[in-house]
Structure formats: structure tokens, C-alpha cells
Amino acid sequence: MEQMSGSVKQKGRYGKFGGQYVPETLMSALIELEAAYDDASQDPTFTEELDYYLRDFVGRETPLYFAERLTKKIGGAKIYLKREDLNHTGAHKINNSIGQALLAMRMGKRKIVAETGAGQHGVATATACALFGLDCIIFMGKEDVRRQELNVFRMELLGAKVVPVEKGSGTLKDAVNEALRYWVAHVEDTHYILGSALGPHPFPRIVRDFQRVIGVETRRQILEKEGRLPDAVVACIGGGSNAIGMFHPFVKDEKVALYGVEAAGSGIGTGLHAAAIAGGKEGVLHGAYMYILQDEDGFIQEAHSISAGLDYPAVGPEHCHLYDIGRAVYTSVTDEGALAGLRLLSETEGIIPALESAHAIQYVAELAKGMRPDEVVVVCLSGRGDKDVQTVRDALGGGTR
Amino acid sequence: MNQVEKSIRSCVEQGRKAFVPYIMAGDGGLGSLRDKVLFLQDAGATAIEIGIPFSDPVADGETIQQAGERALAEGVTLRAVLQSLQSFKKEVKPEMPLLIMSYLNPILAYGMDAFVQSLRESGVSGLIIPDLPLEESGHIKELLTENGIALIQLVSLTSDQKRMAAIAEQSTGFIYAVTVNGITGAREGFNESLATHLQSLKSISPVPVLAGFGISTPAHVEQLSIHTDGVIVGSAIVDAFDNGDTARISQLIEASKTKMRAAH
Ligand SMILES: Cc1ncc(COP(=O)(O)O)c(C=O)c1O
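Just so it is clear, the structure is predicted and the values come from calculations on it, not from any experiment.

## Description of the overall build of chain B
Move 1: Scanning chain B from N- to C-terminus turns up 13 helices and 9 strands.
Move 2: Its C-alpha radius of gyration of 17 Å places chain B within 12% of the 18 Å reference for a compact globule of 264 residues.
Move 3: Along the longest, intermediate and shortest principal axes, the C-alpha atoms of chain B span 45 × 40 × 35 Å.
Move 4: Counting the 264 residues in chain B, one finds 62% classified as buried.
Move 5: For chain B, the exposed area adds up to about 9500 Å²; of that, 48% sits on carbon and sulfur atoms.
Move 6: Of the charged side chains in chain B, 21 are positive and 30 negative; the average position of the first set lies 7 Å away from that of the second.

## Some details on the nonpolar core
Move 1: Of all hydrophobic cores here, the largest spans 221 residues; its most connected members are Trp183(A), Val234(A), Phe247(A), Val377(A), Ile50(B) and Leu85(B).
Move 2: By residue number, the principal contributor to this core is helix α1 (residues 24-41) of chain A, which donates 8 residues.
Move 3: The residues touching Trp183(A), leaving out its near neighbours within four places in the chain, are Leu26(A), Ala29(A), Leu30(A), Val113(A), Thr190(A), His191(A), Tyr192(A) and Phe203(A).
Move 4: Core analysis: the next-biggest nonpolar cluster, separate from the first, contains 7 residues, Ala338(A), Leu342(A), Leu355(A) and Val392(A) among them.

## Let's talk about the side chain of Ser196(A)
Move 1: Within the secondary structure, Ser196(A) is located in the loop between β8 (190-192) and α9 (203-226).
Move 2: There is a polar contact of 3.2 Å between the side chain of Ser196(A) and the backbone nitrogen of Gly240(A).

## A short note on the sheet that holds strand β4 (residues 124-128) of chain B
Residue and element names in this part refer to chain B.
Move 1: Ordered in space as β5-β4-β3-β2-β1-β9-β8-β7-β6, the 9 strands form an open sheet in which the pairing is parallel. Because the sheet does not close on itself, it has two edges, and the strands there are β5 (150-151) and β6 (153-155).
Move 2: As paired elements, strand β2 (residues 48-51) and strand β3 (residues 98-101) share 4 bridges and run parallel to each other. From the neighbouring strand, Gly51 faces β3, where its bridge partner is Met101.
Move 3: Most of the contacts of helix α1 (residues 3-13) go to β4, to which it runs at about 95°, and overall it touches β1 (18-24), β3, β4, β5 and β8 (209-212).
Move 4: In this fold helix α9 (residues 194-204) packs onto β6, β7 (175-178) and β8, with an angle of close to 165° to the strand it touches most, β7.

## Description of the site of the ligand
All names here are of chain A.
Move 1: Near the ligand you find 19 residues, and of these Ser196, Gly238, Gly240, Ser241 and Ser382 are the closest.
Move 2: Between the ligand and the protein, one listed contact pairs an oxygen atom with a backbone N or O atom of Gly240 at 2.7 Å.
Move 3: Taking Asn242, its main chain carries an N or O atom lying 2.8 Å from an oxygen atom of the ligand.
Move 4: Taking 390 Å² as the accessible area of the ligand by itself, protein coverage stands at 98%.

Cut-off values and rules
- Residues numbered from 1 in each chain as written.
- Chains lettered and ligands numbered in written order.
- Predicted model: local features only at pLDDT ≥ 70, side-chain atom pairs only at ≥ 80, totals over all residues.
- Heavy atoms only, no water.
- Helix = DSSP H or I, 4+ residues; strand = E, 2+ residues; numbered from the N terminus.
- Rg over C-alpha atoms; globule rule 2.2 N^0.38 Å.
- Buried < 20%, exposed > 50% of the residue type's maximum accessible area, 1.4 Å probe, protein only.
- Areas by Shrake-Rupley, 256 points an atom, 1.4 Å probe, with all protein chains shown as cover.
- Lys, Arg positive; Asp, Glu negative; His and termini not counted.
- Charge placed at Lys NZ, Arg CZ, Asp CG, Glu CD.
- Core = buried A, V, L, I, M, F, W, Y, C linked by side-chain atoms within 4.5 Å.
- Contact = heavy atoms within 4.5 Å.
- Polar contact = N/O pair within 3.5 Å; in protein donor to acceptor, adjacent residues only side chain to side chain.
- Pairing = 2+ DSSP bridges.
- Axes fitted to C-alpha atoms, helices over the stretch in contact; angles between N-to-C directions.
- Near = heavy atom within 4 Å.

Dropping the structure here:
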């Protein structure tokens, strides 16, 4: 953004997106975090420790699985699933939570605050805190507490304190607001484990780097299996962490098409959706310049999606930039489409995907159909669907038919 | 010198300390904005900070959040507030600076150039943006300075000496010294090290230093005025207006005028 560039050096920009739009009280913590992360990422003992936990605790690497029956059913390109659903705790979120928990301890901070939408990031963070003996408080919108009841209980079993947020729409945006307020008041001894590739610099970079393992493994695995890079890579977009982790190692490979799938809720035309790139405008929320759902007065609008993890009115800054320069394509799938994607994968492959991931599955089904059988597409299966079974059952009216 | 700084300096030169009340524009309906501003002017405020309601006020506590929600429910926007100010600006004395406090996004949505133009037309002489730290303030600062409008920067308890100095150098009008780690809202008391922090900030600052956040009683006003050029009182004023307790507001303002010389 031209208007934002000034004489003082601006940090953490992806083109015009990103930056550090936070209250002054948080600036010293962000500066400290950046220095600690720079230091840690250069330190082989940190990387080794992280690798150890990712391997022996999380269960990495995750398989790159050829979805043969799905491929046959669609009748187009070969479809591979990157199985992040097989991670401990059931989603990609744990990659980031373990990394940031290690980073917090390196900074001498043993108290953690986090927000959660679907509850997957909350569960992952509560898990990392239990693993390392850290105090953990999680803010969660009251609507999400309702939608993801079992995940709330899971977090509590893991020893975390879950605080329901009554304000606003009671979803992820409101949980981030409360987590930020809490962090401002406890910044001296608390680290905020932000759950997506969002927020003020250096969070988008840190979260992306901890999620890059998804794309790095995928790249190696597809080269082993197919002897070449995929023609397309697909991932769902909430704030954008699984997608940026998957995309980043392929960004320089111009021939690999990148597709981010936003949540179209009841349909973009209805205004009830969470597709910030499709339906938003540039602006600042939660510390970063991004595409945001907002009205003409700059008030942030509520996002709507059947999937709590995609129910956020903005998209992380690096995706905004990839969109602007045309390197990645951003598309969207409705609630109905996601439900169809969930059933499709369940029935053809015996895998119930998270509703978030089901958006990507549904899009891949469309995409692959238009591609040749000798082409290859990889989709990030960011999480498993156990947490969503109740929601899906309600949406399908109690039965499966 | 900007009008904001001028008014604060002249107040301090007269042996008093500055008192800057914060109100939420449109709380109680936008029609009440004029009444509140004129009341505060008559009651002896040094400048008046006018908050713009926002959907996601991350720097604010319960009191101001709720006032903001009431204002949003009335349909109040940045544009409407600036228009309202323009309609009664002739009734505001030239030596009574009006400050706008807004989160960044409504300003971006308005358009930076148009916004600065409207500030001028509405007689606003200072701006506070709680989610715009020094690092991101360059262009806005330039634009405001060209138009004679102050960009008041915040310093926090977590800002180290180097940042404090850099912020002090860039701030125009005054420096807003945040007195607590946390969001706005009434507090029982303040950290012991606060006095030292305020003194050290005061010693390096080329512009006046005003303390704010959590100041809610006449005793707080006196206590925090000792080491500064004055105070900003938000939640307590918002509460008092909401309860129709204007006597409380006068008491708070009185506290900035008394005992100051005795304290020095
Ligand atoms: C399984 C799953 N996938 C995707 C997301 C969306 O987040 P992101 O876009 O950061 O990957 C979530 C968020 O909770 C999730 O739980």
C-alpha cells in the first residue's frame, strides 16, 4: 500500500500486505519474538529438537496417498492426498503449535495464550502445552464452543483453560480480539501462539515456516512417486496456514498451479460467506494489511461458513500477495459443496475429512475432472472430520440420505 | 506549534495540568455529541478526545467496547461523526483542540487524503490511532503535518528507552503515555515503577506528556498529574455520561486544577 510506506523501515511486507498494526504495548514483544525466531531458525539444535517432536510425537512425515478410487470416480487427473489428518490431534495445526511452544520456552515464557475457531488449533496448542508443562489459556467464540463441543472438552482434558467469547459473532475473529487483549495485559510473561498465517509480523512468517514441512515433504514424496512435480496443488484457506505451508515450497516452480479454496458459505452473492479474496477489500485487521470482509465504513463484517476453521473475515498477507501477483488462484466452495466433498471422500476413500478440508476436496473433484489422466494434482487434507460429525449430521438432517 | 500542544502548554504555564476527557462519539445518539463537547468545554477540559466506534476495538476494555457497541447500534460512522463536528465547530473555542481517536481501518476505508481534508473541515487538530505504531506511521504523519494536524503517538510501559526516545521525537501535540499493560478501563491502582517511567519519559520528550488508561478517580488524576503534563480520562467519563452523572466529570476535571503546586 503506497499510502502506508513511510520513512521508518517497515517490516514483514508481502508486496503491500502484512506489516505490524498493533498497539505500542505489543511492539516490544513482536521485536523480541522476531529476534528469538531469527536466532532459533539459525540454530541446528532448535531445528533438531523440532524435528524430533514432529517425528516421534506428531508422527511425521505424513503420507502422500494416491486416492485411486476417487481418481477413478472423477475420471480426470491423478489425485494425491497429503494426509495432515493423520497428525497427532488430527490436523496440521500441531506443526505450528509445537514450533511456537518451543520458541516460547526459548524466550523464557511458560505461559501461553491462543485463539481457536474449529478448536483444532486450540487442541494442538493445549497438547503442546501439556507436552512441555506450560500454562495454557484459549479464547474461543461462543458459537464455536457450541459447534465444536468435543474439542472444548478435549482442551480441558489436556489441562487448558477455555474462555468462551460472547462478543460479536462469537466466532474466530472475536476470539482473536480477546486473545490480543489478553496478550496486551500479560505480554511480559506470556507468548501468543497465533494459529494461522495471520497477524502482525513476524507471525505470518513464523507460522508459514512451521507449516512449510507440509509442502517440503509433499515435494519430495511426489518426486519419488511420480518422478515429477504435480501440475496443481490445492488447499483450503481459513487464515491460510495449511495452504501457505503447502504452497511455499512450490512458489518458484512456475509450472505448478496453486489453488486456494475459500469458504463461500451460503454463496458469495448472498453476502453470507467467508471468502475475503473473492468478496473483501484491502484493509487492516489484527495487525496486518490484508483483504478483509468489511462494509464501506471500514467496519469488519462477520464471516459465515459451516466450517468453524474457515469462518474468518480475512486472508493472511502472503496469500493476498500471491493473489495480487497472479501466482496463486483463489476460488471458493459453498457449505453445500463442502458437505458434498466430505461425503465424496468418505464414500470413495474411507476418509472423513474435516469440513475445512472438504472445501478443498470438493474443488479438486471439479478441477481434476477437467484435467488429463496423465496430469497430477495434490490436495492438502488438512484435518480429519471427527470433530465435525455432529455438525454434518445436523446439516444433513439427521441421517446420511 | 500545533494547537494541541499550544493549549496544553498554556494550561501548564498557568500552574494547572491538562485534562483531556475521552468520549465515544454517538454513544447516546450522535445528537448528543454537541452537548457533550460543549459541556466538557465549559467544565474546563484542555482538549477533547472523540472516539470513533469500531467493530473490533482490540485496545479497549469493557466500558469503551460497550459504548462503541451502543454507538454502532445507532449507525454511527467516522463520516457521520466528522459531519456532526463540522456542523457545530463554530461553537467550539479556537483554543479548545478536538482530537479524533480511531482505529486504522475506518480511516483507510474513508481514504487517507479525503480523511485529512475532512479533519480540517471539521476543525479537528489531532489524531490518535491506537493500532498504528511508529513503524507504520510514516506516510500518515507526513500528510497530517502538512495540514497542521498532530499525530499523537503512544508510549507504553513495555517501550524501552530507545523506542521511547524515537517515539518522543516523532510525536506531535503530546505523547500519550499508556499507564498500564493492558486495555482501557478503570483500574484500582498503578504499578510502582510508573512514576519513574513517566519521569524518564518527561525528561526526554520535546512535547508534553499526558498519562492515560485506567485513570478513573480524582485521586488518580492528582497522582498521575504529578509527573506529567496532565491526564486523559476515558472509561470514567464514558461511564459518567452514560449514567448522567455530570457532577462526577466536573470533580475529575477539578482534580487536575488543585494541589498541583503543592505537589511540586
Ligand atoms: C482442519 C483444518 N483445516 C484448515 C483450517 C483453516 O486454517 P488455515 O487456513 O490456517 O489452514 C483449520 C482451522 O481451524 C482446520 O482445523
